[in-house]
Amino acid sequence: MDRQAEMLANRVRKTFRRLQPHFERRGVGAFRLYDWDIPEVRAVVDWYEGHLVIAEYAREQTASVEGFLQTLGSAVAAALEVPAGNVHLKRRNTRPKEGPRYQVNDRSQKPGRVEVREAGLRFLTELDEHIDTGLFPDHRQTRGLVRAASAGKAFLNLFGYTGSFTCAAALGSAASTVTVDSSRTYLAWARENLELNGLGSERHELVRADARDWLLEAALQKRRFGLCVLDPPSFSTREGAPSFDLQRDHPALIERTLALLEPGGVLYFSTNHQRFEPRLAALKATQVREITAETVPIDYRNKQVHRCFRIVA
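These numbers were taken from a predicted model, which means no experiment stands behind them.

K.L.:
Got a sec to walk through the overall build of the chain? Specific residues and values, please.
P.N.:
Looking only at helices and strands, the chain features nine helices and 16 strands. Relative to a compact globule of 313 residues, whose C-alpha radius of gyration would be 20 Å, the chain shows 20 Å and is just as compact. For the chain, the C-alpha atoms occupy an extent of roughly 60 × 40 × 35 Å along the three principal directions. On the chain, roughly 14800 Å² of surface is accessible, and the fraction owed to carbon and sulfur atoms is 48%. In the chain, the 45 positive side-chain charges and the 39 negative ones have mean positions that sit 4 Å from each other.

Right under this line is the structure:
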């Protein structure tokens, strides 16, 4: 256990010295420091403005070792001179169908709400209480693409989560935005993110709905958009709604979304499904191009942390 902790601490220290100046020059305060680089240490370590989020991939070999994750956390914190109160420990479920994706290790900690910078934007993150933090740093580049393409466009964000893509589009001078999510909590969070960036406006519509139902209604209303992000969950079994399986359902979902785009409108479709097999050849689109290599940032060793496609209506 001590040897693994030392290996992790040494690797994280070297990575931080290499990456932190690069990201600081760009005003980026959240990035990955360790991405299961060493086979013996199955974990990820993320930096959030002086806080460390350390998530171990759950496995039987270490689950029975008392204090294993805490030892990893203490070693990394010491290597980067981070206070113990700024260390957030989680266990990551590698089989998300069988339970929560993340298990928070220590709920005695105070809620870790931290404001994070990203290239002119700011996002509110929660490092303890939620399954995810409210921000996916692996989509930093994708948000940059959306921001660059949004000027004057009507922007649609489906499965909008906490609205980080919406903020990027709004800062990029989108004419209007619509953010659709089924969670009241995440929509309130998205509103907070917009307001944090001085982007609160009636032009930015937040809609609580199942994205699939909303797409049908929007088609009847003949709504049209010039730019869209579609980043659905891999699976969903929410009460009162039909089940969703990305692998099974993505062609129909993408077709419904494309039907709302203006000719030449751009859809960024992304997924973090690690066994995703795209079925996109039959789409009614003028162009379908995988851009994963352009959207995975340099701090991620796993170059398939997500897959991303640019689809033109």
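Further notes follow.
K.L.:
So what's going on with the packing of helix 1 (residues 2-25) against helix 3 (residues 68-80)? Which residues, and what values?
P.N.:
Across the interface, helix 1 lies against helix 3 with an axial gap of 8 Å and an inter-helix angle of 35°. Judged by the twist between their axes, the crossing of helix 1 over helix 3 is right-handed. When helix 1 is examined against helix 3, the residues Asp2, Gln4, Ala5, Leu8, Ala9, Val12, Arg13 and Phe16 are found in contact with a partner set consisting of Phe68, Thr71, Leu72, Ala75, Val76, Ala79 and Leu80. Across the contact of helix 1 with helix 3, the residue classes break down as eleven nonpolar, two polar and two charged.

K.L.:
How would you summarise the sheet that holds strand 14 (residues 261-271) if you had to cite specific residues and measurements?
P.N.:
In sheet architecture, strand pairing relies on hydrogen bonds along the backbone and comes in two forms, parallel and antiparallel. Spatially, the seven strands line up as an open sheet ordered 10-9-8-11-14-16-15, and their pairing is mixed. Edge positions in the sheet fall to strand 10 (204-208) and strand 15 (287-290), since each has one partner strand and no second. Averaged over neighbouring strand pairs, the angle between their axes works out to 15° when direction is ignored. Here strand 11 (residues 225-230) runs beside strand 14; their pairing, made up of five bridges, is parallel. Note that in strand 14 the partner of Cys228 across the bridge is Leu267. Across the sheet, helix 6 (residues 184-196) touches strand 9 (176-181) and strand 10, and the angle it forms with strand 10 is around 170°. Running over the sheet, helix 8 (residues 246-258) touches strand 8 (154-158), strand 11, strand 14 and strand 16 (307-312) and is turned about 155° from strand 14.

K.L.:
Before we move on, could you go through helix 4 (residues 140-149) and cite the residues and values that matter?
P.N.:
Among all positions of helix 4, only Arg140, Thr142, Arg143 and Val146 are buried. All buried residues of helix 4 lie within an arc of 160° about the axis, which places them on one face of the element.

K.L.:
Explain the side chain of Thr295 to me, using residue names and the numbers behind them.
P.N.:
Here Thr295 is to be found in helix 9 (residues 292-295). A polar contact is formed between the side chain of Thr295 and the side chain of His306, at a distance of 2.8 Å. Contact partners of Thr295, with chain neighbours within four places excluded, come to Asp138, Gln141, Thr142, Leu145, His306 and Cys308.

K.L.:
Can you tell me about the nonpolar core, naming the residues and giving the values?
P.N.:
In this structure, Leu156, Leu158, Val180, Trp214, Ile254, Leu267 and Phe269 are the most contacted members of the largest nonpolar core, which totals 29 residues. Once you skip the residues sitting within four places of it in the chain, Trp214 turns out to touch Leu156, Leu158, Val178, Val180, Val207, Ala209, Arg223, Phe225 and Leu260. Residues Val28, Tyr34, Leu52 and Val87 belong to the second largest nonpolar core, which totals 26 residues.

So, how was this worked out
Throughout this description, residue numbers start from 1 for each chain and increase along the sequence as written. Totals for whole chains, interfaces and linings use every residue, but because this is a predicted model, local features are given only for residues with pLDDT of at least 70 and side-chain atom pairs only at 80 or more, for both listing and counting. Side-chain measures were taken over the full set of non-hydrogen atoms in the model, leaving aside hydrogen atoms and water. The numbering of helices and of strands both runs from the N terminus, where a helix is a DSSP run of H or I of at least 4 residues and a strand a run of E of at least 2. C-alpha atoms define the radius of gyration, and 2.2 Å times the number of residues to the power 0.38 defines the globule rule. Surface accessibility in these figures is a Shrake-Rupley result with a 1.4 Å probe; residues are shielded only by whichever protein chains are displayed. By the counting scheme adopted, Arg and Lys are positive, Glu and Asp are negative, and His together with the chain ends is not counted. Every charge is mapped onto a representative atom, which is NZ of Lys, CZ of Arg, CG of Asp or CD of Glu. All axes here are fitted lines through C-alpha atoms, helices being fitted over the stretch that makes contact, and every angle between N-to-C directions spans 0 to 180 degrees. In this scheme the crossing of two helices becomes right-handed for a clockwise turn of the near helix relative to the far one and left-handed for an anticlockwise turn of less than a right angle. The contact criterion used throughout is that any non-hydrogen atoms of two residues lie within 4.5 Å. For this scheme, ten residues count as nonpolar: Ala, Val, Leu, Ile, Met, Phe, Trp, Tyr, Cys and Pro. Four count as charged, namely Asp, Glu, Lys and Arg, and the remainder, Gly too, count as polar. We treat two strands as partners when DSSP finds at least two bridges between them. Throughout, exposure labels follow a simple rule: accessible area from a 1.4 Å probe, protein chains only, divided by the maximum for the residue type, with under 20% read as buried, over 50% as exposed, and the rest as partly exposed. The directions from the helix axis to the C-beta atoms form the arc being described. Polar contacts, as counted here, are pairs of nitrogen or oxygen atoms within 3.5 Å of one another; within protein the pair requires one atom able to donate a hydrogen and one able to accept it, and residues that are adjacent in sequence qualify only if both atoms are side-chain atoms. The term nonpolar core refers to a set of buried residues drawn from Ala, Val, Leu, Ile, Met, Phe, Trp, Tyr and Cys, joined through side-chain atoms within 4.5 Å.

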